[in-house]
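# Coordinate inspection notes
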Amino acid sequence: MAWFAEYPREKIEWYPTIDEDKCVKCGMCMNCGQKVYKWTGDVPIVANPYKCVVGCTTCATLCQGKAISFPDKEALRELYKKEGIWAKVKKGLKEEGRLEVTD
Ligand code: SF4
Ligand code: SF4
């Protein structure tokens, strides 16, 4: 993903986890446009965790079984602060011509 061009997405532990006991097989998670989920047999699995958009929790909101969870957002905030990720994202956005504000 372009936004993380200067920071490996795989180093950001942000992706959904499904509690199989709670899953009611409603299929709502399959609406994710990032192809994070794959339907196998009669259950969804998290097939491409690092395609999940960092900070997004939409599928958990839609999930009819309240079966989807994410890591603690506070840990994500700390990582962004520690690694200066926003500065890297800004640099990438500027290079793409998508950010016009100055530092
Ligand atoms: S949080 Fe967003 S991007 Fe990630 S799997 Fe759910 S809907 Fe897809
Ligand atoms: S949205 Fe939740 S309950 Fe529905 S299939 Fe996906 S994980 Fe299961």
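Residues numbered from 1 in each chain as written. Chains lettered and ligands numbered in written order. Predicted model: local features only at pLDDT ≥ 70, side-chain atom pairs only at ≥ 80, totals over all residues. Heavy atoms only, no water.

Of the pockets and cavities examined, the largest pocket occupies roughly 170 Å³. Together, 15 residues line the largest pocket, and Cys-32, Gln-34, Cys-56, Thr-58 and Cys-59 are the ones closest to its centre. Of the residues forming the lining of the largest pocket, the biggest block, 3 residues, is contributed by helix α1 (residues 58-62). Split into classes, the residues belonging to the lining of the largest pocket amount to 12 nonpolar, 3 polar and no charged. (1 Å grid on protein atoms, 1.4 Å probe; cavity = no way out; pocket = protein on both sides within 12 Å on 5 of 7 lines; lining within 4 Å. Points joined across faces, edges and corners; volume = space filled by probe spheres on them. Helix = DSSP H or I, 4+ residues; strand = E, 2+ residues; numbered from the N terminus. Nonpolar A, V, L, I, M, F, W, Y, C, P; charged D, E, K, R; others polar.)

This paragraph deals with the site of ligand 1. By nearness alone, every residue bordering ligand 1 is listed as Pro-16, Cys-32, Gln-34, Val-36, Tyr-37, Cys-52, Val-53, Cys-56, Thr-57, Thr-58, Cys-59 and Phe-70. Each residue belonging to the shell around ligand 1 can be placed in one class, and the counts come to 9 nonpolar, 3 polar and no charged. (Near = heavy atom within 4 Å.)

Attention shifts here to the site of ligand 2. Cys-23, Cys-26, Gly-27, Cys-29 and Cys-63 are the nearest of the 13 residues found near ligand 2. Put simply, ligand 2 lies in the largest cavity. Tallied by class, the residues present in the shell around ligand 2 amount to 10 nonpolar, 2 polar and 1 charged. (Sits in = over half its atoms within 2 Å of the grid points.)

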